[in-house]
Amino acid sequence: MKRKEHYCDRLSGLRLVMGTDDDQPIVAEICTGFTPEGQLAITIDCYDYEDRCSDSSAIILVNPDDSRTMARRNGVAHSDLPGFIADCLSEWREIVNANFREARDCFKEITECLLDEGCRFRIERTPGRCIV
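Owing to the predicted nature of the structure, the values given are computational and were not obtained by experimental measurement. (Residues numbered from 1 in each chain as written. Predicted model: local features only at pLDDT ≥ 70, side-chain atom pairs only at ≥ 80, totals over all residues. Heavy atoms only, no water.)

1. Details of the overall build of the chain
Tallying secondary structure elements over the chain gives four helices and five strands in all. Starting at the N terminus and walking to the C terminus, you meet the elements of the chain as β-β-β-β-α-α-α-α-β. Computed over the C-alpha atoms, the radius of gyration of the chain is 14 Å, within 12% of the 14 Å expected from 2.2 N^0.38 for a compact globule of 132 residues. The buried share of the chain, taken over its 132 residues, is 44%. Contacts spanning at least 24 positions in sequence make up 57% of the contacts within the chain whose residues lie at least 6 apart. With the model as given, the accessible surface of the chain reaches about 7000 Å², and the carbon-plus-sulfur share is 49%. Positive and negative charge centroids in the chain, built from 17 and 25 side chains respectively, lie 6 Å apart. (Helix = DSSP H or I, 4+ residues; strand = E, 2+ residues; numbered from the N terminus. Rg over C-alpha atoms; globule rule 2.2 N^0.38 Å. Buried < 20%, exposed > 50% of the residue type's maximum accessible area, 1.4 Å probe, protein only. Contact = heavy atoms within 4.5 Å. Areas by Shrake-Rupley, 256 points an atom, 1.4 Å probe, with all protein chains shown as cover. Lys, Arg positive; Asp, Glu negative; His and termini not counted. Charge placed at Lys NZ, Arg CZ, Asp CG, Glu CD.)

2. A closer look at the pattern of salt bridges
Considering all chains together, one arrives at six salt bridges under this definition. For R101, the salt bridge goes to D105, with nearest N and O atoms at 3.8 Å. Pair noted here: R101 and D105 are both in helix α4 (residues 100-116), with a separation of four residues, about one helical turn. Under the relative-accessibility criterion, D105 is labelled partly exposed at 30%. (Salt bridge = Lys/Arg side-chain N within 4 Å of Asp/Glu carboxyl O.)

3. Here we look at the environment of D21
Mapped onto the elements, D21 comes out in the loop between β1 (12-19) and β2 (26-34). Owing to a relative accessible area of 14%, D21 belongs among the buried residues under this scheme. Taking C-alpha positions, D21 is 32 Å from G118, a pair spaced 97 residues apart along the chain. Every residue in contact with D21, bar those within four places of it in the chain, is listed here: V27, N97 and A98. One polar contact links the side chain of D21 to the main-chain amide nitrogen of D23, over a distance of 3.0 Å. (Polar contact = N/O pair within 3.5 Å; in protein donor to acceptor, adjacent residues only side chain to side chain.)

4. A word on the layout of surface pockets
In this model, the largest pocket occupies a volume close to 170 Å³. Those elements giving two or more residues to the lining of the largest pocket turn out to be α2 (81-88) and α4. (1 Å grid on protein atoms, 1.4 Å probe; cavity = no way out; pocket = protein on both sides within 12 Å on 5 of 7 lines; lining within 4 Å. Points joined across faces, edges and corners; volume = space filled by probe spheres on them.)

5. Re the environment of V62
The topology assignment puts V62 in strand β4 (residues 56-62). What makes V62 buried here is its relative accessible area of 0%. Not counting residues up to four positions away in its chain, the partners in contact with V62 are Q39, L40, I42, S67, L114, C119, R120 and F121.

6. Details of the sheet that holds strand β5 (residues 121-126)
Read from one edge to the other, the open sheet built from five strands follows the order β1-β2-β3-β4-β5, with strand pairing classed as antiparallel. Edge strands, defined here as strands with exactly one partner in the open sheet, are β1 and β5. Each strand axis lies, on average, 20° off the axis of its neighbour in the sheet, ignoring direction. Relative to β4, strand β3 (residues 40-48) is paired through six bridges, and the arrangement is antiparallel. Along β4, the bridge assignment pairs A41 with L61. On top of the sheet, α2 reaches β1, β2 and β3; it is set at about 10° to β1, its chief contact. (Pairing = 2+ DSSP bridges. Axes fitted to C-alpha atoms, helices over the stretch in contact; angles between N-to-C directions.)

Following this line, the structure appears as C-alpha coordinates:
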(Lines give C-alpha, C1' and ligand atoms only; values in the text may rest on other atoms or scores of the structure.)
Protein backbone atom coordinates (compact mmCIF):
# COMPACT_ATOMS: atom_id res chain seq x y z
CA MET A 1 0.00 0.00 0.00
CA LYS A 2 1.35 3.41 -0.93
CA ARG A 3 1.88 5.78 1.98
CA LYS A 4 0.02 9.08 1.93
CA GLU A 5 2.35 12.02 1.49
CA HIS A 6 2.68 14.10 4.61
CA TYR A 7 2.91 17.87 4.42
CA CYS A 8 6.44 17.79 5.86
CA ASP A 9 7.56 15.79 2.80
CA ARG A 10 7.07 18.94 0.71
CA LEU A 11 9.00 21.40 2.90
CA SER A 12 12.54 22.70 2.57
CA GLY A 13 14.71 23.90 5.45
CA LEU A 14 12.88 21.37 7.60
CA ARG A 15 13.43 21.52 11.38
CA LEU A 16 11.94 19.17 13.95
CA VAL A 17 10.00 20.88 16.73
CA MET A 18 9.02 17.69 18.60
CA GLY A 19 7.97 14.09 18.15
CA THR A 20 6.04 11.57 20.18
CA ASP A 21 7.42 8.26 21.47
CA ASP A 22 9.01 6.41 18.53
CA ASP A 23 8.36 3.01 20.13
CA GLN A 24 4.59 3.34 19.72
CA PRO A 25 2.71 2.07 16.65
CA ILE A 26 1.42 5.59 15.97
CA VAL A 27 3.84 8.51 16.02
CA ALA A 28 3.29 12.26 15.60
CA GLU A 29 5.95 14.76 14.53
CA ILE A 30 5.79 18.54 14.45
CA CYS A 31 8.14 20.21 11.96
CA THR A 32 8.62 23.63 10.46
CA GLY A 33 10.05 24.75 7.14
CA PHE A 34 9.12 26.44 3.88
CA THR A 35 6.75 25.41 1.12
CA PRO A 36 8.07 25.31 -2.46
CA GLU A 37 6.57 28.82 -2.80
CA GLY A 38 8.64 30.07 0.16
CA GLN A 39 5.76 30.27 2.64
CA LEU A 40 6.52 29.52 6.30
CA ALA A 41 4.79 26.30 7.36
CA ILE A 42 4.40 24.25 10.52
CA THR A 43 3.21 20.66 10.20
CA ILE A 44 1.92 17.95 12.48
CA ASP A 45 2.15 14.57 10.79
CA CYS A 46 0.78 11.31 12.13
CA TYR A 47 2.38 8.02 11.07
CA ASP A 48 0.41 4.83 11.76
CA TYR A 49 2.88 2.02 11.21
CA GLU A 50 0.20 -0.67 11.54
CA ASP A 51 -2.40 0.91 9.21
CA ARG A 52 -0.79 3.31 6.73
CA CYS A 53 -4.19 4.43 5.41
CA SER A 54 -4.71 6.07 8.79
CA ASP A 55 -1.78 8.46 8.30
CA SER A 56 -2.86 12.09 8.61
CA SER A 57 -1.28 15.49 8.35
CA ALA A 58 -2.10 19.11 9.15
CA ILE A 59 -0.23 22.24 8.14
CA ILE A 60 -0.23 25.86 9.25
CA LEU A 61 0.54 28.18 6.33
CA VAL A 62 1.61 31.62 7.50
CA ASN A 63 0.92 34.76 5.47
CA PRO A 64 4.31 35.65 3.87
CA ASP A 65 4.14 39.36 4.80
CA ASP A 66 3.43 38.43 8.40
CA SER A 67 6.24 35.87 8.62
CA ARG A 68 8.69 38.48 7.25
CA THR A 69 7.49 40.98 9.87
CA MET A 70 7.85 38.32 12.58
CA ALA A 71 11.42 37.59 11.43
CA ARG A 72 12.37 41.29 11.52
CA ARG A 73 10.73 41.77 14.93
CA ASN A 74 12.73 38.86 16.34
CA GLY A 75 16.00 39.84 14.68
CA VAL A 76 16.38 36.76 12.47
CA ALA A 77 16.58 36.29 8.73
CA HIS A 78 13.36 35.06 7.18
CA SER A 79 15.20 31.95 5.96
CA ASP A 80 16.16 31.19 9.58
CA LEU A 81 12.59 31.19 10.93
CA PRO A 82 12.23 27.37 11.02
CA GLY A 83 15.34 27.10 13.19
CA PHE A 84 14.23 30.03 15.34
CA ILE A 85 10.82 28.44 15.94
CA ALA A 86 12.34 25.02 16.70
CA ASP A 87 14.84 26.60 19.11
CA CYS A 88 12.11 28.61 20.88
CA LEU A 89 10.16 25.41 21.45
CA SER A 90 13.13 23.20 22.35
CA GLU A 91 11.64 22.23 25.72
CA TRP A 92 9.05 20.15 23.85
CA ARG A 93 11.84 17.96 22.38
CA GLU A 94 13.11 17.26 25.89
CA ILE A 95 9.93 15.42 26.94
CA VAL A 96 10.74 11.74 27.35
CA ASN A 97 8.23 9.47 25.57
CA ALA A 98 5.95 12.36 24.59
CA ASN A 99 2.33 11.45 23.89
CA PHE A 100 -0.34 12.80 21.54
CA ARG A 101 -1.76 15.17 24.14
CA GLU A 102 1.65 16.80 24.45
CA ALA A 103 1.99 17.02 20.66
CA ARG A 104 -1.44 18.63 20.45
CA ASP A 105 -0.50 21.09 23.22
CA CYS A 106 2.73 22.00 21.39
CA PHE A 107 0.83 22.60 18.13
CA LYS A 108 -1.67 24.75 20.05
CA GLU A 109 1.18 26.77 21.60
CA ILE A 110 2.57 27.41 18.11
CA THR A 111 -0.78 28.73 16.85
CA GLU A 112 -1.09 30.95 19.94
CA CYS A 113 2.44 32.33 19.41
CA LEU A 114 1.66 33.07 15.76
CA LEU A 115 -1.50 34.92 16.82
CA ASP A 116 0.49 36.84 19.45
CA GLU A 117 2.93 37.84 16.68
CA GLY A 118 -0.01 39.15 14.63
CA CYS A 119 0.39 36.49 11.94
CA ARG A 120 -2.48 35.52 9.73
CA PHE A 121 -2.50 31.87 8.76
CA ARG A 122 -4.66 29.06 7.51
CA ILE A 123 -4.69 25.40 8.48
CA GLU A 124 -5.12 22.56 5.99
CA ARG A 125 -5.53 18.90 6.85
CA THR A 126 -5.37 15.54 5.10
CA PRO A 127 -7.78 13.01 6.57
CA GLY A 128 -6.91 9.91 8.50
CA ARG A 129 -8.23 8.08 11.49
CA CYS A 130 -5.43 9.35 13.74
CA ILE A 131 -6.67 12.49 15.45
CA VAL A 132 -4.11 14.53 17.39
